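Chain by chain, the residues run as shown.
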Amino acid sequence: MNLASPYRQLTALALGVLLAALVISVPLSAQTPLGLDNPEPAATVEAVSGTVESYAPGVQRRALSQGDLLFPGDSIALGADGSALLRLNDQSTAQLYEDTVLAINDILPEEPGDASFSLFTGTMVVDAGDLRGQDLVITPTLTVGIRGTRFSVVVAEDGASVVIVEEGEVAASSAAGDEAEACVAPGQEVVATESAANLAPREASMISAQDWRDFRQARQEALLAAPDQAAADLEHEIDTRLEQLATLEARPMDRAEMLAKLQSELENLGPDQEDQRSQIILQAHMETARALGLVREFRAERMRLEAVFIQAERLAVLLDSSSADNNEQRQAAENSLVRIQGRQAQVQEHVAAIAQRFEESVSPLRRHFIDFEELRGQGCARGETTIQGRESQAQ
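For every chain, the first residue of the written sequence is number 1, and numbering continues from 1 onward in sequence order. Under the rules for a predicted model, residues below a pLDDT of 70 receive no local features and side-chain atom pairs below 80 are neither given nor counted, while totals for whole chains, interfaces and linings still include all residues. Water and hydrogen atoms play no part in the side-chain values, which are based on all heavy atoms of the structure.

Chemist: What's the story with unusual backbone geometry in this structure? I'm lost.
Modeler: The phi angle of most residues is negative, glycine excepted, and most peptide bonds adopt the trans form. Even without being glycine, aspartate 99 reaches a positive phi, approximately 55°. In this fold, aspartate 99 is placed in the loop between β7 (93-96) and β8 (101-104). Classification of aspartate 99 by relative accessible area gives partly exposed; the value is 21%. Runs of E in the DSSP output that reach at least two residues are strands. Runs of H or I that reach at least four are helices, and both are numbered from the N terminus. The buried label goes to any residue with under 20% of its type's maximum accessible area, the exposed label to any with over 50%, and the partly exposed label to all in between, with areas taken from a 1.4 Å probe on protein chains only.

In structure tokens:
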């Protein structure tokens, strides 16, 4: 491969270095969380075998050992011989297998949920316990929300993802923009690819580590059958994800303006207008839930943009190791990969600016997020009576 000398020795560990350099986000993902100057550890390394390293923005990579702490913003890369067991703060566990690249996402202190991970490639098995999270695992093609206790997520080099549930349930939503969502029950799996997200759960067939390896191998072979198309699709996806991020950046401001309007209406109500008060409070609750959804959507879109560059690097590695005689396709793929590589710094700068503006538009909403989470903690699904009570106490 003519341009592949920088990629020739690229493994999951080298991709981890790339991920640390690619951290094209600000507070909502790979930097210090909004409002937290000293974030709490997100996980402890319970066990490690083989080559496992951690990366963080501005921090030299390090080999992980048993007992090491991991923080929001840290990325983890496992070599071909690597495995690691992470224990989260609520005592849930995440087992990582070979050739995995994972990032621990920041979540806002006010967000409902305990953790969020970006699984760029590889395999993780989650034993969730009481862990909560509507975007507990984000992959290039799926977002996995926790409703259960034990499940596995496998991501191939082309972003294709499969979720297999052993116990409990998980909610899997598609990244294909069709708003498809599936509730995956014990003994079921769901598969999503970039081109099509068939989220109809089916009986689980990928139940062992070898099954997961076979899934990834089959996806690799499909990539190599048409590398030019795969690379062209990645080029196109950069623009698609950038457009989506740009669309999202100002939308929290719309929610903030609506919540300010509702607050003003509440303040102007008389004591005998309880029905109107309840309706406005319910509407405010729903607007806050939509705003939290925007935070999760922005996080997922940013992750998927980062994933494009990682998938491009993986494709370069596969082309280097392939002996397939498809010179014309190979050359077209290499040309696309050169262009993707050339856009990396510009995209990083552009997304940092978008993310900063998104943070600024989210800031006015954080008080409402606190109210929302307090209501959830009190077990009030809709919030009418509890918010009324809190307003009366405030007066």
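Right, picking up where we left off after that structure.
Chemist: Got a minute to help me understand the packing of aromatic side chains in this structure?
Modeler: Aromatic ring pairs: the centre-centre distance and the angle between the two ring planes describe each pair. In this scheme Phe, Tyr and Trp rings, the latter by its six-membered ring, pair at centre separations within 6.5 Å, and the angle between planes marks the pair as stacked below 30 degrees, edge-to-face above 60, and tilted otherwise. Scanning the entire structure with this criterion turns up two aromatic pairs. Plain terms: the ring middles of tyrosine 97 and tryptophan 212 are 5.6 Å apart, the flat faces sit at 75° to each other, and that makes the pair edge-to-face. Taken together, the residues tyrosine 97 in the loop between β7 and β8 and tryptophan 212 in helix α2 (residues 209-225) connect sequence positions 115 residues apart. Residue classification places tyrosine 97 among the partly exposed residues on the basis of a relative accessible area of 25%.

Chemist: What should I look at first to understand the pattern of salt bridges in this one?
Modeler: A side-chain nitrogen of Lys or Arg and a carboxyl oxygen of Asp or Glu constitute a salt bridge if their distance falls within 4 Å. One pass over the full model with this rule turns up 20 salt bridges. Two residues, arginine 62 and aspartate 68, come together in a salt bridge whose shortest N-O distance is 3.5 Å. For arginine 62, a relative accessible area of 32% gives the class partly exposed. Arginine 150 is the salt-bridge partner of glutamate 166, the closest N and O atoms lying 2.8 Å from each other. Remark: arginine 150 occurs in strand β12 (residues 150-155) and glutamate 166 occurs in strand β13 (residues 161-167); sequence separation between them is 16 residues. Looking at arginine 150, the relative accessible area reads 27%, which means it is partly exposed. One connected set of salt bridges, linked through shared partners, spans Asp127, Arg150 and Glu166.

Chemist: Explain the pairing of strand β3 (residues 59-63) to me, please; I cannot follow it from the model alone.
Modeler: A regular strand carries its side chains on alternate faces of the sheet. β3 sits mainly on the outside: zero of its five residues count as buried. Relative to β3, strand β2 (residues 52-56) is paired through three bridges, and the arrangement is antiparallel. Looking at the pairing, serine 54 lines up with arginine 62 of β3. Pairs of strands are assigned from DSSP output, requiring at least two bridges between the strands.

Chemist: Mind showing me how you'd approach the packing of helix α4 (residues 251-267) against helix α5 (residues 274-321) here?
Modeler: If you want to describe how two helices pack, look at the angle between their axes and the distance between the axes. Every angle, taken between N-to-C directions, lies between 0 and 180 degrees, and every axis is a line fitted to C-alpha atoms, over only the stretch in contact when it is a helix. Look at α4 against α5: their axes get within 10 Å of each other, and the N-to-C directions meet at 165°. One finds that α4 runs roughly antiparallel with respect to α5. As for the relative orientation of α4 and α5, their crossing is left-handed in sense. Listed contacts from α5 to Arg251, Pro252, Arg255, Met258, Leu259, Leu262, Glu265 and Leu266 of α4 are Arg277, Ile280, Ile281, Gln283, Ala284, Glu287, Thr288, Arg290, Ala291, Leu294 and Glu297. Three residue categories are used. Nonpolar comprises Ala, Val, Leu, Ile, Met, Phe, Trp, Tyr, Cys and Pro, charged comprises Asp, Glu, Lys and Arg, and polar comprises the others, including Gly. Among the residues making up the contact of α4 with α5, the classes are represented as ten nonpolar, two polar and seven charged. Roughly parallel refers to an angle under 35 degrees, roughly antiparallel to one over 145, roughly perpendicular to one between 65 and 115, and oblique to any angle outside these ranges. With the far helix as reference, a near helix turned anticlockwise by less than a right angle produces a left-handed crossing, and one turned clockwise produces a right-handed crossing. By definition in these notes, contact holds between two residues if any of their heavy atoms fall within 4.5 Å.

Chemist: In this structure, what is going on with α2? I would like to understand it.
Modeler: Residues three or four positions apart in an α-helix share a direction because the helix packs 3.6 residues into each turn. Take the residue count of a helix, subtract one, and multiply by 1.5 Å to get its expected span. The end-to-end C-alpha distance of α2, which contains 17 residues, comes to 25 Å, matching closely the 24 Å that a straight helix rising 1.5 Å per residue would cover. Those residues of α2 lying buried are Trp212, Phe215, Arg216, Gln220 and Leu223. Here the buried residues of α2 occupy an arc of 135° about the axis, which is enough to place them on one side. Check the buried side of α2 and you find it contacts β9 (117-127), β12, β13, α3 (227-248) and α5. To obtain the arc, one takes the directions from the helix axis to the C-beta atoms.

Chemist: How do you make sense of the nonpolar core when you look at a structure like this?
Modeler: As a rule of thumb, soluble globular proteins bury nonpolar side chains together. Counting 41 residues, the largest nonpolar core has Ile238, Phe298, Leu305, Leu337, Ile340, Val347 and Phe369 as the members making the most contacts within it. Contributions of two or more residues to this core are made by α3, α4, α5 and α6 (327-362). Here this core takes 16 residues from α5, the largest share from any one element. What makes a nonpolar core is a set of buried Ala, Val, Leu, Ile, Met, Phe, Trp, Tyr and Cys residues whose side-chain atoms join them at distances within 4.5 Å. Ala84, Leu102, Ile146 and Val165 belong to the second-largest nonpolar core, a separate cluster that totals 39 residues.

Chemist: Please clarify how the packing of α3 against α6 should be interpreted in this entry.
Modeler: Two elements in contact, α3 and α6, have axes separated by 9 Å at closest approach and are oriented at 10°. Here α3 is positioned roughly parallel relative to α6, judged by the angle of their axes. Taken as a pair, α3 and α6 cross one another with a handedness that is left-handed. For the pair α3 and α6, contact is made by Pro227, Asp228, Ala231, Ala232, Leu234, Glu235, Ile238, Asp239, Leu242, Leu245, Ala246 and Leu248 and by Gln329, Ala332, Ala333, Ser336, Arg339, Ile340, Arg343, Val347, His350, Val351, Ile354 and Phe358, respectively. Residues that form the contact of α3 with α6 fall into these classes: 16 nonpolar, three polar and five charged.

Chemist: How should I be thinking about the environment of valine 308 in this particular structure?
Modeler: Looking at the secondary structure, you find valine 308 in helix α5. Distance in space between the C-alpha atoms of valine 308 and aspartate 233 is 9.5 Å, their sequence separation being 75 residues. Contact partners of valine 308, with chain neighbours within four places excluded, come to Leu234, Glu237 and Ile238.

Chemist: It is not clear to me how the side chain of arginine 241 should be interpreted in this structure. Could you clarify?
Modeler: You can see arginine 241 is positioned in helix α3. A relative accessible area of 8% places arginine 241 in the buried class. At 2.9 Å, the side chain of arginine 241 forms a polar contact with the side chain of glutamate 301. Every residue in contact with arginine 241, bar those within four places of it in the chain, is listed here: Pro140, Ala175, Glu194, Glu301, Arg304 and Leu305. N or O atoms closer than or at 3.5 Å make up a polar contact, with two conditions inside protein: a donor-capable atom paired with an acceptor-capable one, and, for residues adjacent in sequence, both atoms drawn from side chains.

Chemist: Sorry, what's going on with the pairing of strand β15 (residues 181-184) here?
Modeler: Here β15 shows a buried face lined by Ala182 and Val184 and an unburied face lined by Glu181 and Cys183. As defined by bridge partners, strand β14 (residues 170-174) adjoins β15 across four bridges and the pair is classed as antiparallel. Residue pairing in the sheet places alanine 172 in a bridge with alanine 182 of β15.

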